[in-house]
Amino acid sequence: MASLDVGRQLSTYDRQNCEQRLSAYDRQRCEQRQAIGLFWIVYPFCLVSAIAARLTPKRRAASMPDGRRSVFGEARAAAASCVPFAFR
């Protein structure tokens with residue numbers, strides 16, 4: 001049991017030490033990978049939300065344009081707009 005705690009402490013120490021040694025380019029690449037991964041986690045939820053919005057009846061405003069994006073385009077736009085807030 002004690003060896004597991006030491007292993008966790010070492011891995012945490014190694015991770016922090018490694019993060020300090022990363023170059024700016026490596027940090028940027030790491031954040032890009034995290035953002036892409038988060039996008040693909042959020043996208044299915046946005047897709048379900050866009051489909052549900054299409055299926056529920058609602059009144060149409062006179063100022064609303066007739067042309068709409070596809071359901072996939074709406075989901076992609078929603079996911080792309082909320083993911084950057086995780087990195088602020």
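The rules behind the values
- Residues numbered from 1 in each chain as written.
- Predicted model: local features only at pLDDT ≥ 70, side-chain atom pairs only at ≥ 80, totals over all residues.
- Heavy atoms only, no water.
- Helix = DSSP H or I, 4+ residues; strand = E, 2+ residues; numbered from the N terminus.
- Expected span 1.5 Å × (residues − 1).
- Buried < 20%, exposed > 50% of the residue type's maximum accessible area, 1.4 Å probe, protein only.
- Contact = heavy atoms within 4.5 Å.
- Bend = angle between axes of the 7 residues up to and from the residue.
- Axes fitted to C-alpha atoms, helices over the stretch in contact; angles between N-to-C directions.
- Parallel < 35°, antiparallel > 145°, perpendicular 65-115°, else oblique.
- Left-handed = near helix turned anticlockwise from the far one by under 90°.

**Let's talk about helix α3 (residues 71–82)**
Owing to its 3.6 residues per turn, the α-helix brings residues three or four apart onto one side. Here α3 contains 12 residues, and its C-alpha end-to-end distance of 17 Å stays within 8% of the 16 Å for a straight helix at 1.5 Å per residue. Those residues of α3 not exposed but buried are Val71, Gly73, Ala75 and Ala79. In this structure, the buried residues of α3 make contact with α2 (24–55).

**A word on α2**
If you check α2, its first and last C-alpha atoms are 46 Å apart, about what 32 residues at 1.5 Å a residue would give, namely 46 Å. The principal kink in α2, of about 30°, is found at valine 42, preceding the proline proline 44 by one to four residues. Every buried residue belonging to α2 is among Phe39, Val42, Tyr43, Cys46, Leu47 and Ala50, and all of these are buried. Buried residues along α2 sit against α3.

**Some remarks on the packing of α2 against α3**
Remark: α2 packs on α3, axes separated minimally by 8 Å, with the N-to-C direction vectors making an angle of 130°. Of the possible angle classes, the one that applies to α2 and α3 is oblique. Where α2 crosses over α3, the two elements pack in a sense that is right-handed. Listed contacts from α3 to Phe39, Val42, Tyr43, Cys46, Leu47, Ala50, Ile51 and Arg54 of α2 are Val71, Phe72, Glu74, Ala75, Arg76, Ala78, Ala79, Ala80 and Cys82.

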